[in-house]
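Structural description and commentary
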Amino acid sequence: MNRPVNILGIETSCDETAAAIVTDGYTIRSSVVASQVDLHRKYGGVVPEVAGRAHIERIHPILSETLSLAQIGPEDLDAIAVANQPGLVVALVVGVVAAKSLAMIWEKPLIAVNHVHAHLQSAMLDQTQIELPAVALIVSGGHTNLYECTSAVDLTLIGKTIDDAAGEAFDKVATILNLPYPGGPSIEKVARQGDPKAIPFPRSMLSPDSLDFSFSGIKTAVLYHVRGQDMKGDNRIEAMNPQEIADIAASFQTAVIDVLVAKTQRAAEQKGARTVLLGGGVAANSALRQALHKMCEDTGREFLVAPRPLCTDNAVMVASLAYHKFKAGQFADLTLEPKAGA
Ligand code: KG4
Ligand code: ZN
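Computed from a predicted model, the values in this text were never measured in an experiment.

Within strand 5 (residues 110–114), five of the five residues are buried, which leaves the element mostly enclosed by the surrounding structure. Two elements, strand 4 (residues 79–85) and strand 5, share five bridges in a ladder whose sense is parallel. Bridged to Gln85 within strand 5 is Asn114. Following the chain from strand 4 across helix 3 (residues 89–105) to the adjacent parallel strand 5, one finds a crossover that is right-handed.

Structural data, given as structure tokens:
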């Protein structure tokens, strides 16, 4: 097929209802994201039941807006793509049912996309050619994964968190510090005023060759710092001045980034990577972007990172990855189901 390939992507894996139309995997024709942050804020985290209901209310208007912004009708679409895993099943199911219905009614091929793999695609949007092999770090609220990539669709998982994801650690530490939800952006903002060397929080590297991550220890270290080793002391956070809180945020953020950069460098060395890719919600963090950029500069590797608005959940990444699956003839059928796990 020589004419451009237009793919409608749908994303409902967690708390963003999103749709996008992307041409040939790279040209964004339209992208609409409805965040549910305001709905979940009062609970301090995503409530699956609330997320599922909100997706049901929003999916239809989001799809209409996406088609009208792109000025594309169903006749111009070549495939319908959806993130069907991993995520909250009550949330994923809304996107999966919408995608299957449209594929059936409009008689289009259906493409199933892994949400975490799609995050990586956001870092490749401007690139038609990437120097391979590459390693990719995907850091989100649910995952901290290192992949070896031999093409856009051939990813091998080489490292993952054995407990909390990096974004989860940011969110939990923000709760300990009484900072607003979602925690990642709040910690980044407050950390700008803090001293990153103020508190030597632990950097868990696991065994010398390990590419896995562990962030539960640092979260506990922050908790002990605030509440005392036996957790019997007063919650000192109320009494702390803004500078003390900023110092904790900056020290925590730096410790997490040190580990992410060290493990990514370790992976790049082990795999002889010429390119390092960064994606996922935590990739929006400026300090992390700068630190990985510097590591790549110092070690002579190319660094590709998702544009900030495409780090957090969106459907451009779904439609973009689906293009490569379209080209490879990897289609799903109407028995497609949502799956919680990767
Ligand atoms: O990729 P994403 O939107 O959703 C998942 O697939 O999980 O990632 C959301 C996560 C949250 O944990 C959020 O706190 C974190 O990304 N995050 C950040 C920043 N912006 C979002 N973490 C650190 N710094 C940020 N600027
Ligand atoms: Zn995500």
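Below, the discussion takes up the coordination of the zinc ion (ligand 2). For the zinc ion (ligand 2), the full set of protein donor atoms is His115 (NE2), His119 (NE2) and Asp313 (OD), and the range of their distances to it is 2.0 to 2.1 Å. Written as a sequence motif, the donor residues of the zinc ion (ligand 2) are H-x3-H-x193-D. Of this pair, His115 sits in helix 4 (residues 115–121) while Asp313 sits in the loop between strand 10 (302–305) and helix 10 (316–327), and the two are 198 residues apart along the sequence.

Right, let's get into the site of ligand 1. Surrounding ligand 1, one finds 17 residues, the nearest of these being His119, Gly141, Asp171, Gly184 and Glu188. A distance of 3.1 Å separates an oxygen atom of ligand 1 from a polar atom in the side chain of His115. In the environment of ligand 1, an oxygen atom lies 2.7 Å from a nitrogen or oxygen atom belonging to the side chain of Asp171. Summarising the interface, the protein chains cover 89% of the accessible area of ligand 1, which totals 550 Å² for the free molecule.

For the rest of this paragraph, the subject is the packing of aromatic side chains. Counted by the stated rule, this structure contains four aromatic pairs. Residues Tyr26 and Tyr323 carry aromatic rings whose centres are separated by 6.5 Å and whose planes lie at 65 degrees to one another, so their mutual orientation is edge-to-face. Note that Tyr26 is positioned in the loop between strand 2 (16–23) and strand 3 (27–35) and Tyr323 in helix 10, a separation of 297 residues in sequence. Owing to a relative accessible area of 25%, Tyr26 belongs among the partly exposed residues under this scheme. On the accessibility criterion, Tyr323 (13% relative accessible area) is buried.

Quick look at the sheet that holds strand 7 (residues 144–149) now. One open sheet accounts for five strands, arranged 8-7-6-9-10; its pairing is mixed. The strands lining the two open edges of the sheet, one partner per strand, are strand 8 (155–160) and strand 10. Recorded for the sheet is a direction-independent mean angle of 20 degrees between the axes of neighbouring strands. Together, strand 6 (134–139), strand 9 (275–279) and strand 10 form the strand contacts of helix 9 (residues 286–299), whose direction differs from that of strand 10 by roughly 160 degrees.

Right, let's get into the nonpolar core. Core analysis: the biggest nonpolar cluster contains 52 residues, and Leu177, Phe201, Phe215 and Phe252 have the highest contact counts within it. When contributions to this core are tallied by element, the ones reaching two or more residues are strand 6, helix 5 (166–176), helix 6 (183–191), helix 7 (216–227), helix 8 (242–271), strand 9 and helix 9. Residue contributions to this core peak at 13 residues, all from helix 8. With near-sequence residues (within four places) excluded, Phe215 lies in contact with Thr144, Thr161, Asp163, Asp164, Ala165, Ala166, Ala169, Val256, Val259 and Leu260. Grouped together as the second largest cluster of nonpolar side chains are 24 residues, Leu63, Leu67, Ile72 and Ala103 included.

Let us now look at the domain arrangement of the chain. Domain annotation of the chain identifies domain 1 (6–121 + 311–327) and domain 2 (131–305). On a C-alpha basis, the centroid separation for the pair domain 1 and domain 2 is 27 Å. Counting from both sides, the interface comprises 18 residues of domain 1 and, opposite them, 18 residues of domain 2. Overall, the association of domain 1 and domain 2 removes approximately 1,400 Å² of surface from exposure, summing both partners, and the carbon and sulfur fraction of that is 75%. Contact with domain 2 buries surface across domain 1, with Val116, Leu120 and Cys311 losing the most and accounting together for 43% of the total. Put simply, domain 1 and domain 2 have zero salt bridges between them. Between the two partners, domain 1 and domain 2, sit two residue pairs in polar contact (both at pLDDT 80 or more).

As a further point, take helix 3. With 17 residues, helix 3 ought to run about 24 Å at 1.5 Å a step, and its terminal C-alpha atoms sit 24 Å apart, in line with that. Regarding helix 3, the residues found buried are Ala91, Leu92, Val94, Gly95, Val96, Ala98, Ala99, Lys100, Leu102 and Ala103. Those residues of helix 3 hidden inside the fold are in contact with strand 1 (6–11), helix 2 (48–70), strand 4 and strand 5. Glu107 occupies a position one or two residues after helix 3 and carries a positive phi of about 55 degrees.

Further remarks concern the pattern of salt bridges. This model, assessed by the stated rule, comprises ten salt bridges. Asp38 is paired through a salt bridge with Arg41; the nearest N and O atoms lie 2.9 Å apart. With a shortest N-O distance of 2.7 Å, Arg274 and Glu131 are connected by a salt bridge. Taken together, the residues Arg274 in the loop between helix 8 and strand 9 and Glu131 in the loop between helix 4 and strand 6 connect sequence positions 143 residues apart. With a relative accessible area of 46%, Arg274 lands in the partly exposed category.

Criteria and thresholds
Residues numbered from 1 in each chain as written. Chains lettered and ligands numbered in written order. Predicted model: local features only at pLDDT ≥ 70, side-chain atom pairs only at ≥ 80, totals over all residues. Heavy atoms only, no water. Buried < 20%, exposed > 50% of the residue type's maximum accessible area, 1.4 Å probe, protein only. Helix = DSSP H or I, 4+ residues; strand = E, 2+ residues; numbered from the N terminus. Pairing = 2+ DSSP bridges. Right-handed = clockwise from strand over helix to strand, strands pointing away. Donors = N, O, S within 2.8 Å, 3.2 Å for Na, K, Ca; no water. Near = heavy atom within 4 Å. Polar contact = N/O pair within 3.5 Å; in protein donor to acceptor, adjacent residues only side chain to side chain. Areas by Shrake-Rupley, 256 points an atom, 1.4 Å probe, with all protein chains shown as cover. Phe/Tyr/Trp six-rings, centres within 6.5 Å; stacked < 30°, edge-to-face > 60°. Axes fitted to C-alpha atoms, helices over the stretch in contact; angles between N-to-C directions. Contact = heavy atoms within 4.5 Å. Core = buried A, V, L, I, M, F, W, Y, C linked by side-chain atoms within 4.5 Å. Domains from an automatic or database assignment. Buried area = accessible area lost by both parts, 1.4 Å probe. Salt bridge = Lys/Arg side-chain N within 4 Å of Asp/Glu carboxyl O. Expected span 1.5 Å × (residues − 1).

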